[in-house]
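Residues per chain are reported as follows:
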Amino acid sequence: MSTITFAINNQRYDVDPSKYDLTLTLNGFIRRHTPFKGTKLSCGEGGCGACVVDIARPQSTDGSHSTKDSTIIHASVNSCIRPLASMDGWSVTTTEGLRKGQDFHPIQQRIADFNGSQCGFCTPGMVMTLYSSLQEKPNSTMAELEARYDGNICRCTGFRPILDAVKSFATDSNTANQVNRLPFARGPYDHEQFDPAFPSFLHTVDTTRRLEFKDANGRTWTRPANLTEAIQLAVQIGDNSSIKYVNANTSIGYVKSEPRTVRHFIDISNLSELHQIGTNENGITIGGATTVTNFIKLLRSQAASQPADKTRSFIPLADHAYRVASVHVRNVGTVAGNIILAKNYGFTSDLAVILLGANATVTWASFKDNKLSQETETMEQFLAKPQEDGEHRIIQAISVPWTNKNTFFRTYKAAPRPQQALAHIHAAFNVEVDESGLVVGQPVVAYGAVMGMDEVGSHPVRAQAAEAALKGKNLKERATLDAAISAVNQDFASSVGGGSGGGGEDTRHIARYGPGGEASRKYRGRVAAGFLYKYLIALSTSLHNESNLKLERSLSAVEDPAQRGVTTSSQIFQEVVSADEKKETPVHKAVPHIAARLQAAGDAIYTDDVKEVKGTLFGRFITAEKARVKLGSLDATEALKLPGVVGIVTAGDIQGFNNVTAFPPGVCALLVEQNQEISYVSQPLGVLIAETEKIAREGVRRVKINYKEDGEAKKPVTTIPEALKNISDYGVDKVREQMKMGDAEAILKQARDNTLPEGSHFLKGNIDIGTQHHFYMETQCAYVIPDEDKSIKVYAPVQWPDGANLVIAQILGVPLGKVHVINRRLGGGFGGKSFHPIVVAACSAIAALKFSKPVRMALDREEDFAIFGAREETYGDYEVVCDKEGRINAVKFAGWLNAGYTEGFAAFTCKAVLGSISEGYDLSNFDGFMSMVKTNTHPRTPCRAPGETQASYIMENIIDHVAHATGVAPDVVRERNFYTSKSQAGVTGVLQNVGLVDYKAPNGTPIENYSIPDLWARAKEKSGYEERRAAVDKFNNENRWKKRGLQLVTVRYEVTQLPRTALLNIYGDGSIILTHGGTEMGQGLHTKAAQAAAGTLLQVFDNPTPELSSEILRNVKIGDTDSVVIPNAIFTGGSTGSEGTAEAAKLAADEMSKRLRPIFEGILKKRSEAGDKNTSVSWKELAGAAKSASVNLQVSAYYDAGGKFNIMGGLHYHNFGVAACEVEVDVITGEVSVRSVDLVYDCGKSLNPAIDIGQCEGAFMMGVGHWMREHVEWDENGRHESNSTFAYHPPCVKDVPARWNVELLADSRWNKGVLSSKASGEPPLVLATGVVMAIKEAVRSARKDSGITEYFTFKAPVTAESIVEAAGTTESQFVF
């Protein structure tokens, strides 16, 4: 029997993969079959980096995995797509393997101390990315290290602190820990001292031996000894569609059907014939198994060592190849594997396009006449058609020819985001031009993603008409350039639709796993011409043609928007100690997240990390494939035949009330009942229970869903405009929110009657805002363990423990006390875990009781996207009256939310939109209406800054519209609409930090300490606004194809404090356990609560020292959020969970301090009586003495939030902030780079500036994602199309502002609330609206150049296509 031998954290594993499913990944093995839980699973498709580990192995100079004459090579990889069976001879290091005993590795410590870990779910992947990078190149620069993070997503931090920590290890580091101010040593660390050694036993593993496995499902995995054997094996199997040649298997993240179709894996990763690299008189040749990373290295090394004329294509090829996927994929993914996806699946391959442009060739190996033979073809021939059945060939080599002195080679790519994104469209151009400007030889104009996007039969093509327009022509003649641009339009028209199903009218085609979804034929056609224009501008410049062609304003078209320098940043704050807090205290200090180091080391436990009880079963949802039909039945007959399938759970198994809402009288079915209508595609119908996750997945595929369709099929309704057309069916009359201030209608009547004062403006506009997924890194999951007497223990990552308690009890039909809900921390929440986790937990609970065994459910990313909804879309119309100076006299807004198929929390969001719509501005006359519609889509739920986000977009667009109509600069319009002191006796001008007793928000709450004018002035000063304003204007006047925008925006954000409970336990050795009803999800709630408790306990001592303060804080451990310990715990959300919990902890510590003070005094008295003058008492000594004196060392405290609590309200206050945002827009492609952000925020007296600055940064970047990247679409059948990391794009590292300064307002006069602090978790997200307003300014400049003067508004999010459309860019403008 064959086995593979590998190591995980230096522990030896001898494994027979046939005992598992051969599709089992390394991640699946680590998480379910080893004690190491630090490596996470988030997307399951290599798109987020949470699963990254380091793999190391001896490798010889020819690239083969030999143990003779070898060096140890390292690579960071996505363990979620790496097959376990491929791990023979590899040493795997997870973040747990870096820690030595109690000592953290420098990388773990640095990322934690730089505040680079919030929820912590992504942190192990961040740690291992840096570790692997520094193994490969210990002496890396800041630019090199920052570039390595193209495959990691962090939803919490906004990346900035992570990047600062990473850059601190660079040889040229100038990074400072400006937040926590903890000491560290810049530059590389001592690898010999801190890094684990390579396991010696792996040096003896023969990785060239033949391996063969067959699992219980009949799949085979074979590792042949040589290339001939590999091809012979394929011939023997015969059926091409069932065979997969495997090197790294990175394609599994993209081709999701492989686990079902592939029956035979042939591992070719060790075949020396596929690792040959060399040069000859024609160019360079690489083996098909050469990784993309090694291909890039080869191109760069050859460019450095060969004459420049021979390698003119090499650096552009290398630069473009670096934009393929991520470093984790490039490290192991092969060049051959990438281009074969383009050939066989229509994959949008960057390598296929650029190799086609470079005139590369492909050499096939096949077995003919009983011998190995080779056959070479051009890339064009290679891509022409998919591989045919019975065509058993392997790509043995790819060759790239040398260039000559006349070669001018460039590549281009437009994508949904700058990193790890498939292209909307990409191109490569290769022309030889002599000194006279004459094109010699055959030019190459190659495009990809112009045929049917991601369909079999689609592939990169050469633009024959454009090539003909260039061939033999003189590029110094303008007519040649114009003819080429015209010709490419002909080419594009003939190429689009060349795939299996493309073509026809100009409609959106959104590939399910395709390139972002939002690229229409029209957009791609414009950009295709634009790419050639960019190329020809660059070529003309190289020919010194500027004097003949008026290129000055067009030269910016040449610059690549994806290229930029290393990020810079600053974080400014003051650690406040108020007059009555003269004693030492940890409160208001920049203390690192108390669990950050544990999270970085992989020791922090999340729901799916909870150790499994023997006999645990696994569940997977059975979901609807149709909407607007009735459920007939679920037929599990075939599924039950599958060994390991235990059974299914349906609505019929619910013993209580089939209702997943805790808000009576609302009803939302947990599972669709028989004969009831299915509301949306992917709605849960049942749950299949099996012995393993793999079996559960396969079992679900075998369940037959019987639908009842009455008459003609009903088209699902997915948008607000569609729902409004069918308002009788989709409207919800009871959700009709209205808010009024002043008499807007009277002024609007004047406008309609044309009786407004002279110079007034009457404006109308429309707002259309899309949804946004929460994209928490930890997907929805639960683990339920049955206990005696029908009681259960529920582990669930839920923001609302009491809601979970209520709903699960009502579904099971048991008392609340029998449902024990526990969570320690969440891997991100953002509102998405307020309600949705209850669905997973409730289904798991039903199954656990039905089968009397523990049940675990963990959704994959695609399933999570499809089942659970996100931010509500918003659609509406406004009317505005303003004077000629830009002062707004009246606003009326009527809007609608898309709530999905059920009302959910839409009423709350409707109120939030109207109550926030004025933002930081004075709307004395306002009339607002909000309602909602239902659609056949997944249920929406509050998403970070719900309602306020939409309100900001509405108000800032109104401001922008007023500025456009009046000709007054937008920043001046904003200033003129600040609240003023006109009603304050004896005070003139704009209010400066004073209570506004005469001013209220649209919802009636008073506005106090209105600090926006101070924040505005500081943001202007900090950003150098006036100088930059002039620089932006100058740039736009001088450049046609790059435009910049600079805008200042404000936020006024109302929050509500809710009741909180805390339980404080102190032990005799000084240990402190603080348990509370709040939920830690990265926002630092545990840390602030610990600070508040420790700071209060510290006051027991007369003259506390910093050392004593640290001792007490160090002793605080936070207990699990547990419904048995803290019952009735309200949800954590709305940004005030941390401060409310801190106040509860403070109250508990106040009472404890009263009990401890007599003990402290007794110790000193006893010493004094003994003649001992030492007045220093340690915390441990005090705790021990209190225990010995039988003091009750347990205190429970309740913070009632002002005693005004109900589910929608409590103690209110307003938060304020200002941000100056600058962007640069590529007018040709629509791509955007955020150049600079200066954010100033009033956090009161921050409880923890490190935490609050981190919240500001993370929130802002989530807002950037919403407005710029996170586009969502449904197809005509109601299927969610943006349900993977290939099609949904949260911000990446290159979306971080290149220059980013965050400042907490100093000397804030806010003196109310919890320790005079303010919330920080959500308000800064709203300030990201400034990025959209800056984009609008940039586009307005482009529109001016295009002769367009009408006002415009973007439908959000703002995509590259919408920018190009709004800019009015057409091919006719590409003049020379």
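Look a little higher up for the structure.
In this report, the structure presented in the accompanying data block is examined. (Residues numbered from 1 in each chain as written. Predicted model: local features only at pLDDT ≥ 70, side-chain atom pairs only at ≥ 80, totals over all residues. Heavy atoms only, no water.)

### Re the overall build of the protein chain
Stage number 1. When helices and strands are tallied, the protein chain shows 39 helices and 45 strands.
Stage number 2. Once the C-alpha set of the protein chain is aligned to its principal axes, its extents read approximately 100 × 85 × 75 Å.
Stage number 3. Expressed as a percentage of contacts within the protein chain between residues at least 6 apart in sequence, the contacts between residues at least 24 apart total 77%.
Stage number 4. Surface summary for the protein chain: the accessible area is close to 46,600 Å², and the carbon and sulfur share equals 48%.
Stage number 5. Between the averaged position of the 146 positive side-chain charges in the protein chain and that of its 156 negative side-chain charges there is a distance of 1 Å. (Helix = DSSP H or I, 4+ residues; strand = E, 2+ residues; numbered from the N terminus. Contact = heavy atoms within 4.5 Å. Areas by Shrake-Rupley, 256 points an atom, 1.4 Å probe, with all protein chains shown as cover. Lys, Arg positive; Asp, Glu negative; His and termini not counted. Charge placed at Lys NZ, Arg CZ, Asp CG, Glu CD.)

### Focus: the pattern of salt bridges
Stage number 1. Within this structure, the stated rule accounts for 80 salt bridges.
Stage number 2. Salt-bridge contacts for glutamate 146 lead to lysine 167; the nearest nitrogen and oxygen are separated by 3.4 Å. Here the residue glutamate 146 occupies a position in helix α4 (residues 142–147), and lysine 167 occupies one in helix α5 (residues 160–167), the gap between them amounting to 21 residues.
Stage number 3. Residue lysine 167 is classed as buried on the basis of its relative accessible area, which comes to 3%.
Stage number 4. Among the salt bridges present, the one from lysine 413 reaches aspartate 350, with a minimum N-O distance of 2.9 Å. Of this pair, lysine 413 sits in strand β15 (residues 407–414) while aspartate 350 sits in helix α13 (residues 350–357), and the two are 63 residues apart along the sequence. (Salt bridge = Lys/Arg side-chain N within 4 Å of Asp/Glu carboxyl O. Buried < 20%, exposed > 50% of the residue type's maximum accessible area, 1.4 Å probe, protein only.)

### Considering the pairing of strand β24 (residues 684–690)
Stage number 1. Burial analysis of β24 places 7 of its 7 residues in the buried class, the great majority of the element.
Stage number 2. When strand β20 (residues 617–623) meets β24, the two strands line up antiparallel, connected through 6 bridges. The residue of β24 that forms the bridge with glycine 619 is isoleucine 689.
Stage number 3. Bridge analysis of strand β22 (residues 645–649) against β24 gives 4 bridges, and the strand direction is antiparallel. What sits directly across from glycine 647, in β24, is isoleucine 689. (Pairing = 2+ DSSP bridges.)

### Thoughts on the packing of helix α9 (residues 292–305) against helix α10 (residues 314–321)
Stage number 1. Between α9 and α10, the least distance of the axes is 9 Å, while the angle of their chain directions is 155°. As judged from the angle between their axes, α9 and α10 are roughly antiparallel. Remark: the crossing between α9 and α10 carries left-handed chirality. On α10, the residues that touch Val292, Ile296, Leu299, Arg300, Gln302 and Ala303 of α9 are Phe314, Ile315, Leu317, Ala318, Asp319 and Ala321.
Stage number 2. In terms of residue class, the contact of α9 with α10 is made up of 9 nonpolar, 1 polar and 2 charged. (Axes fitted to C-alpha atoms, helices over the stretch in contact; angles between N-to-C directions. Parallel < 35°, antiparallel > 145°, perpendicular 65-115°, else oblique. Left-handed = near helix turned anticlockwise from the far one by under 90°. Nonpolar A, V, L, I, M, F, W, Y, C, P; charged D, E, K, R; others polar.)

### Points about the side chain of glutamine 108
Stage number 1. As for its placement among the helices and strands, glutamine 108 is situated in helix α2 (residues 106–113).
Stage number 2. Judged by its relative accessible area of 0%, glutamine 108 falls in the buried class.
Stage number 3. Reaching out from glutamine 108, the side chain makes a polar contact with the backbone nitrogen of histidine 105 at a distance of 3.0 Å.
Stage number 4. Contact partners of glutamine 108, with chain neighbours within four places excluded, come to Thr95, Leu98, Arg99, Val127, Ala600 and Ala601. (Polar contact = N/O pair within 3.5 Å; in protein donor to acceptor, adjacent residues only side chain to side chain.)

### Re empty space enclosed by the protein
The gaps of empty space that remain are located by a probe, the size of a water molecule, rolled over the atoms.
Stage number 1. Counting across every chain of the model gives 14 cavities of 30 Å³ or more.
Stage number 2. What the second largest cavity holds in volume is close to 90 Å³.
Stage number 3. What lines the second largest cavity is a set of 14 residues, among which Met1268, Arg1269, Val1358, Thr1359 and Ala1360 lie closest to the centre.
Stage number 4. Those elements that place two or more of their residues in the lining of the second largest cavity are α36 (1249–1269) and α39 (1360–1367).
Stage number 5. Residue classes in the lining of the second largest cavity are distributed as 8 nonpolar, 3 polar and 3 charged. (1 Å grid on protein atoms, 1.4 Å probe; cavity = no way out; pocket = protein on both sides within 12 Å on 5 of 7 lines; lining within 4 Å. Points joined across faces, edges and corners; volume = space filled by probe spheres on them.)

### What about the pairing of strand β31 (residues 855–858)?
Remark: a regular strand shows side chains that alternate across the two faces of the sheet.
Stage number 1. In this sheet, β31 lies alongside β20 in parallel orientation, the contact comprising 3 bridges. Note that in β31 the partner of phenylalanine 618 across the bridge is arginine 856.
Stage number 2. Bridge count between strand β28 (residues 781–786) and β31: 4 bridges; the pairing is antiparallel. If you follow alanine 782 over to β31, its bridge partner there is methionine 857.

### Quick notes on the packing of helix α38 (residues 1329–1345) against α39
Stage number 1. Between α38 and α39, whose axes approach to 8 Å, the crossing angle comes to 40°. Here α38 lies oblique to α39, going by the angle between them. Between α38 and α39, the contacting residues are Ile1335, Val1339, Ala1342 and Arg1343 on the first element and Ile1363, Ala1366 and Ala1367 on the second.
Stage number 2. A per-class count over the contact of α38 with α39 returns 6 nonpolar, no polar and 1 charged.

### Notes on the packing of aromatic side chains
Stage number 1. Scanning all chains against the criterion turns up 42 aromatic pairs.
Stage number 2. Taking 5.7 Å as the distance between ring centres and 85° as the angle between the ring planes, the aromatic pair formed by tyrosine 13 and phenylalanine 29 counts as edge-to-face. Residue tyrosine 13 is found in strand β2 (residues 11–15), and its partner phenylalanine 29 is found in helix α1 (residues 26–33); the two are separated by 16 residues along the sequence.
Stage number 3. Between the aromatic rings of tyrosine 533 and phenylalanine 1376, the centroid separation amounts to 5.0 Å while the plane-to-plane angle is 55°, which identifies the pairing as tilted. Taken together, the positions of tyrosine 533 in helix α17 (residues 521–542) and phenylalanine 1376 in the segment after α39 put the pair 843 residues apart, joining distant regions of the chain.
Stage number 4. Given a relative accessible area of 4%, phenylalanine 1376 falls into the buried group.
Stage number 5. Through pairs of rings, three or more aromatic residues link up here, namely Phe408, Tyr412, Phe429, Tyr447, Phe531 and Tyr535.
Stage number 6. Positioned over the ring face of tryptophan 364 is arginine 393, at 3.9 Å from the centre of the ring. (Phe/Tyr/Trp six-rings, centres within 6.5 Å; stacked < 30°, edge-to-face > 60°. Lys NZ or Arg CZ within 6 Å of the ring centre and 35° of its normal.)

### Quick notes on α38
Stage number 1. Between the first and last C-alpha of α38 there are 25 Å, a value that for 17 residues agrees with the 24 Å anticipated at 1.5 Å per step.
Stage number 2. The buried fraction of α38 amounts to 14 of the 17 residues, a majority that puts the element mostly inside the structure.
Stage number 3. Two residues or fewer after α38 comes glycine 1347, characterised by a positive phi angle close to 80°. (Expected span 1.5 Å × (residues − 1).)

### Observations regarding the nonpolar core
When a protein is soluble and globular, its nonpolar side chains tend to lie buried together.
Stage number 1. With 250 residues, the main nonpolar core has Tyr447, Leu532, Leu536, Leu670, Ile808, Phe1260 and Ile1335 as its most contacted residues.
Stage number 2. Broken down by element, this core gets its largest block of residues, 12 residues, from α17.
Stage number 3. Residues contacting phenylalanine 1260, with those up to four places away along its chain left out, are Cys1221, Val1237, Leu1239, Trp1300, Pro1324, Leu1325, Leu1327, Ala1328 and Val1331.
Stage number 4. Formed by 46 residues, the second largest nonpolar core is a distinct cluster that contains Ala1094, Leu1113, Ile1118 and Met1152. (Core = buried A, V, L, I, M, F, W, Y, C linked by side-chain atoms within 4.5 Å.)

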